[in-house]
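Spelled out from the first residue to the last, the chains are:
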Amino acid sequence: MILSGIDAMSVTVSRVNAAYQEKFPESCRLFERGRAVFPSGVTHDSRYLEPFPIYVKEALGSRKTTVEGHSIIDYWVGHGALLLGHGHPAVVDAVQKQMARGTHYSACHELEIAWAELVRKLIPSAERIRFTNSGTEATLMALRIARLVTGRTKVAKFVGHFHGWHDLLVPAAYLPYTTDDWSMPGITSGVLDDLVVIPPNDLGAVEQVFQQQQPACCILEPTGGHWGLVPIQGEFLRGLRDLCSKYGVLLVFDEVITGFRVNPGGAQAHYAVTPDLTTLAKILAGGLPGGALCGRVDLLDALAFGNRYGQKMKHPGTFNGNPLSAAAGCAALNVLADGEASHRVNASARQLRQQLNELFVKKAVPWVAYGEFSMIHLHPNYHGPMLLGDDVIPLDGDYRQLDVEHPGSLKHAFRAALLTQGVDWFGWSGMTSIMHTDQDLAQTVQAFDRAIDVLRADGSC
Ligand SMILES: Cc1ncc(COP(=O)(O)O)c(C=O)c1O
């Protein structure tokens, strides 16, 4: 057992850890190097795993291969970006060709127009588009434009909704959710004073906030915080649309995850609710970095020179609309435009949710799988009735019960146990790509089966 170098962590030497360390010795060694250059050894908080994360050398289709050569079924799918799976031939071909033609012209180019035209064709609210480098930048831009256009300063968001890591929206995105103090280390009280946080799925609370605080905009993940961990349904979206129109509050759909995934036109097309502004990223750029804000012509006019507002929002950004991301984005959007990709990923996730629930009943563990579209969420401390249909939301959709901190030790042990069985799960959640086959799903259920046995033997579940 290799425990050297990770003495700073309190690692329980369990069956799970022993098997994990035996299976991933090269990853352990790379982590030693990573820890010497990165805080906690990682470059994204979610990739932190005890006793150490896996290191991957290549990926194709639904799978990635670790440095040890183990093939792992991947449910992170590029943090949601890879609806088409790893290395889709159309995307690879487009990027390889573009690479040889140049990655940055410091000039306008035709591909950026083609990319934006595709977005406009697919996303109902996208009358005009501005490319950014990430989803975080897109949500930042949405707020600034909303303020410039409305002349109001406050911004409304929902408890547990994630919109990137910038100062204005990261409060209230992570547990623990307190009722009135959303302070985050490093964020000033001045910034926090401009944020109004509303409990999800409560139109009465929304109306009260709109009446009393008159926010410039209201932003949300349209299928629910953390991509549907606490699901939101069409009725709420329609009510919110009406309230925004009534009180002059701009409605912003953050479709960084849902855009092109739940439907080629995003959640707004699925629910037939058109927001004023939409933020996009991930699938938008076909697996390369990229984001966008799109929306009404008059609102995006805030970015135009000599605009109707008499003041322009400044927006530079070295890699905005760069040819490589544009090439990958065009290729991906062309593949998914007919809706077949969304249909397939939604169907495979539904199948997996059902198969996992059958397994959890068989194994008599208090776990449940739920979710909508291609998202799968697990609740590992569920004592309600076993779900009968895929459209049932557990625990009455109550965010105080669904969006809770499960024991950190179980979280790490669960991921490590699954990895040992050949599956990489995104925390307590996962997403499918079009490359996930029936065989992958069956193998995933078997991996859960064995992982639960090991966790049980360790007394973790
Ligand atoms: C809904 C949502 N909005 C915004 C972001 C931020 O996007 P990025 O990581 O590209 O900055 C994310 C990232 O996961 C997201 O899930």
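### Overview of helix 3 (residues 89-101)
Phase 1 of the analysis: Taking 1.5 Å of rise per residue, the 13 residues of helix 3 would be expected to cover 18 Å, and the 19 Å separating its terminal C-alpha atoms lies within 8% of that figure.
Phase 2 of the analysis: Among all positions of helix 3, only V91, A94 and Q98 are buried. Around the axis of helix 3, the buried residues are gathered within 70° of arc, so they sit on the same side. Exposed and facing more than 90 degrees away from the buried side of helix 3 are P89, D93, Q96, K97, M99 and A100.
Phase 3 of the analysis: As for helix 3, its buried residues are in contact with helix 12 (323-336).
Phase 4 of the analysis: Looking one or two residues past helix 3, G102 carries a phi angle of roughly 125°, positive in sign.

### Re helix 7 (residues 203-213)
Phase 1 of the analysis: Every buried residue of helix 7 is accounted for by V206, V209 and F210. For helix 7, the angular spread of buried residues about the axis comes to 100°, placing them on one side. Facing away from the buried side of helix 7 by over 90 degrees, the exposed positions are G204, Q208, Q211 and Q212.
Phase 2 of the analysis: Where helix 7 is buried, its residues touch strand 5 (155-158), strand 6 (195-198) and helix 9 (234-247).
Phase 3 of the analysis: Positioned one or two residues after helix 7, Q214 has a phi angle of 45°, which is positive.

### Describing the environment of E255
Phase 1 of the analysis: Within the element layout of this structure, E255 appears in the loop between strand 9 (250-254) and helix 10 (266-271).
Phase 2 of the analysis: E255 sits in the buried class, given 32 other C-beta atoms within 10 Å.
Phase 3 of the analysis: Residues E255 and V273, spaced 18 residues apart in sequence, show a C-alpha to C-alpha distance of 13 Å.

### Observations concerning the domain arrangement of the protein chain
Phase 1 of the analysis: Splitting the protein chain by domain gives domain 1 (15-85 + 340-457) and domain 2 (89-336).
Phase 2 of the analysis: Taken together, the contact between domain 1 and domain 2 spans 22 residues of the former and 27 residues of the latter.
Phase 3 of the analysis: Listing elements by their share of the side of domain 1 that touches domain 2, those giving two or more residues are helix 13 (340-363), strand 13 (375-379) and helix 14 (399-402).
Phase 4 of the analysis: A per-class count over the side of domain 1 that touches domain 2 returns 10 nonpolar, nine polar and three charged.

### Brief notes about the nonpolar core
Phase 1 of the analysis: Of all hydrophobic cores here, the largest spans 134 residues; its most connected members are V119, A142, C217 and C218.
Phase 2 of the analysis: Ranked by residues supplied to this core, first place goes to helix 12 with nine residues.
Phase 3 of the analysis: Taken together, domain 1 (15-85 + 340-457) and domain 2 (89-336) each give at least three residues to this core, which thus spans both.
Phase 4 of the analysis: The contacts of C218, once residues within four sequence positions are left out, are A156, L240, C244, V249, L251 and V252.

### Some words on the pairing of strand 4 (residues 128-132)
Phase 1 of the analysis: For strand 4, the buried fraction is high: four of the five residues fall into the buried class.
Phase 2 of the analysis: Where strand 4 meets strand 11 (residues 291-295), five bridges bridge the pair, whose relative direction is antiparallel. What sits directly across from R128, in strand 11, is G295.

### Some points on the pairing of strand 7 (residues 217-220)
Each regular strand displays side chains that alternate between the two surfaces of the sheet.
Phase 1 of the analysis: Of the two faces of strand 7, the one lined by C217 and I219 and the one lined by C218 and L220 are each fully buried.
Phase 2 of the analysis: Where strand 5 meets strand 7, two bridges bridge the pair, whose relative direction is parallel. Residue pairing for strand 7: A156 is matched across the bridge by C218.
Phase 3 of the analysis: Alignment of strand 7 against strand 9, held across four bridges, turns out to be parallel. The partner of C217 across the bridge, within strand 9, is L250.

### A closer look at the packing of helix 15 (residues 408-420) against helix 16 (residues 438-457)
Phase 1 of the analysis: Contact geometry for helix 15 and helix 16: axes closest at 9 Å, N-to-C directions at 130°. Classified by the angle their axes make, helix 15 and helix 16 are oblique. Helix-helix and strand crossings are classified by hand; for helix 15 and helix 16 the assignment is right-handed. Every residue of helix 16 that contacts helix 15 at A413, F414, A417 and L418 is listed here: A447, A451, V454 and L455.
Phase 2 of the analysis: Here the contact of helix 15 with helix 16 is composed, by residue class, of eight nonpolar, no polar and no charged.

About the criteria used
- Residues numbered from 1 in each chain as written.
- Predicted model: local features only at pLDDT ≥ 70, side-chain atom pairs only at ≥ 80, totals over all residues.
- Helix = DSSP H or I, 4+ residues; strand = E, 2+ residues; numbered from the N terminus.
- Expected span 1.5 Å × (residues − 1).
- Buried ≥ 20, exposed ≤ 12 C-beta atoms within 10 Å, placed from the backbone.
- Arc of directions from axis to C-beta.
- Contact = placed C-beta atoms within 7 Å.
- Domains from an automatic or database assignment.
- Nonpolar A, V, L, I, M, F, W, Y, C, P; charged D, E, K, R; others polar.
- Core = buried A, V, L, I, M, F, W, Y, C linked by C-beta atoms within 7 Å.
- Pairing = 2+ DSSP bridges.
- Axes fitted to C-alpha atoms, helices over the stretch in contact; angles between N-to-C directions.
- Parallel < 35°, antiparallel > 145°, perpendicular 65-115°, else oblique.
- Left-handed = near helix turned anticlockwise from the far one by under 90°.

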